[in-house]
Amino acid sequence: MEASDVAACWEANAETWTRHARAGYDLYRDAQNTPAFFTHLPDIDGLDGLDIGCGEGSNTRKLAEAGASVTAIDIAPTFIRHARETEAANPLGIDYRVADGMALPFADASFDFATAFMSLMDMPHQDRVLAEAKRVLKPSGFLQFSILHPCFATPGRKVMRDETGTVLGIEVREYFRVTDGEIESWRFGAAPPEEKARVEPFRVPRFHRTLSDWINLLVASGLRIEHMHEPGVDAQTAKAVPYLADTYIAPLFLHMRVRKPVR
């Protein structure tokens, strides 16, 4: 699967994805993943940033609200249309563009930092994305990204529950099965049943890599690993918000920050 195939999948997802995400149905993002990402994000006030794979712009807007001057790209035109409409209604100075993360349309050393919220694992050539991110970063600039956890969000992942719905554990299978664009079909679990019934499921291409694959890609890129985080919930939160209880057992996401060396 190449970039054009990935673009077609995400363009087909974009309208429903935008509506459902903005309705609050992406609980993993809103209640856990994004807050944890920003907790570990360095101070970006006054910096020039690039958001790679911005979708409809939810997290991009948070970057701008934190004081950054942000340019954002996505491969799906419908996502960019929705992001631009929101920017026009509530200007934050964000420049949204349709572009491919594997071929960034920016000059060398253009940005102080880059982010990629849950987008790198959906791109067919992560080595190219990392090379491009490094190229457009200024010396000592950083890339912070989130991905599905390679160890616990495998192609064969399954949440095990008892008859009451209480999470008992996570079944992890097919960790070593690398996927190159295998389509996964799913909906946001928090969407009401009637809403799920009236829309087609998302068709998302997965490019699963092992943890060592990711580390070796980063080492080969020349970016220096600086920070890692595996967000999860505590026992009290798992009980109060059962939707997130699986992340009390094992993390669903992995956050990493890497930095471009000065030389």
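Everything here concerns the structure above.
Computed from a predicted model, the values in this text were never measured in an experiment. Along every chain, residues carry numbers that run from 1 in the direction the sequence is written. Under the rules for a predicted model, residues below a pLDDT of 70 receive no local features and side-chain atom pairs below 80 are neither given nor counted, while totals for whole chains, interfaces and linings still include all residues. Hydrogens are left out, water is left out, and the side-chain values use all remaining heavy atoms of the structure.

Q: For this particular structure, what's the right way to read the packing of helix 1 (residues 3-22) against helix 4 (residues 77-89)?
A: The relative placement of two packed helices is expressed as an angle between their axes plus a distance between the axes. Contact pair helix 1 / helix 4: the axes reach a minimum separation of 7 Å and the direction vectors enclose 35 degrees. Seen from helix 1, the contacting residues are W10, E11, A14, E15, W17, T18 and R22; seen from helix 4, they are P77, T78, F79, R81, H82, A83 and T86. Under this grouping Gly is polar, as are all residues other than the nonpolar Ala, Val, Leu, Ile, Met, Phe, Trp, Tyr, Cys and Pro and the charged Asp, Glu, Lys and Arg. Class assignment for the residues of the contact of helix 1 with helix 4 results in six nonpolar, four polar and four charged. Fitted lines through C-alpha atoms give the axes, limited to the stretch in contact for helices. The angle between two N-to-C directions lies from 0 to 180 degrees. Helix and strand assignments follow DSSP, with helices taken as H or I runs no shorter than four residues and strands as E runs no shorter than two, numbered in order from the N terminus. Whether two residues are in contact is decided by their heavy atoms, any of which lying within 4.5 Å being enough.

Q: Help me understand the sheet that holds strand 3 (residues 95-98), please; the structure alone is not making it clear to me.
A: Strand pairing requires that DSSP identify at least two bridges connecting the strands. Strand order in this open sheet of seven strands is 3-2-1-4-5-11-10, and the pairing throughout is mixed. Each edge of the open sheet is held by one strand with a lone partner, namely strand 3 and strand 10 (224-229). If you compare each strand with its neighbour and ignore which way they point, the axes differ by 15 degrees on average. Its contacts with the sheet place helix 4 against strand 2 (69-74) and strand 3, and it is angled at close to 165 degrees to strand 3.

Q: Looking at this model, I keep getting lost on the pattern of salt bridges. Mind explaining?
A: Opposite charge on two side chains permits pairing when their charged atoms draw close. Within this document, salt bridges are pairs made up of a side-chain nitrogen of Lys or Arg and a carboxyl oxygen of Asp or Glu, the two lying within 4 Å of each other. Counting across every chain of the model gives 20 salt bridges. R29 is the salt-bridge partner of E56, the closest N and O atoms lying 3.4 Å from each other. Of the two residues, E56 sits in the loop between strand 1 (48-52) and helix 3 (58-65) while R29 sits in helix 2 (residues 27-39), which places them 27 residues apart along the sequence. Per-residue accessibility, obtained with a 1.4 Å probe over protein chains only, is compared with the maximum for each type, and a residue is labelled buried under 20%, exposed over 50%, and partly exposed between these values. Classification of R29 by relative accessible area gives buried; the value is 15%.

Q: Looking at this model, I keep getting lost on helix 3. Mind explaining?
A: An α-helical segment advances 3.6 residues per turn. Residues three or four places apart therefore align on the same side. Within helix 3, six of the eight residues are buried, which leaves it mostly tucked inside the rest of the structure. When helix 3 is considered as a whole, its buried residues turn out to be S58, N59, T60, R61, L63 and A64. Downstream of helix 3 by a residue or two, G67 has a phi angle that is positive, lying close to 105 degrees.

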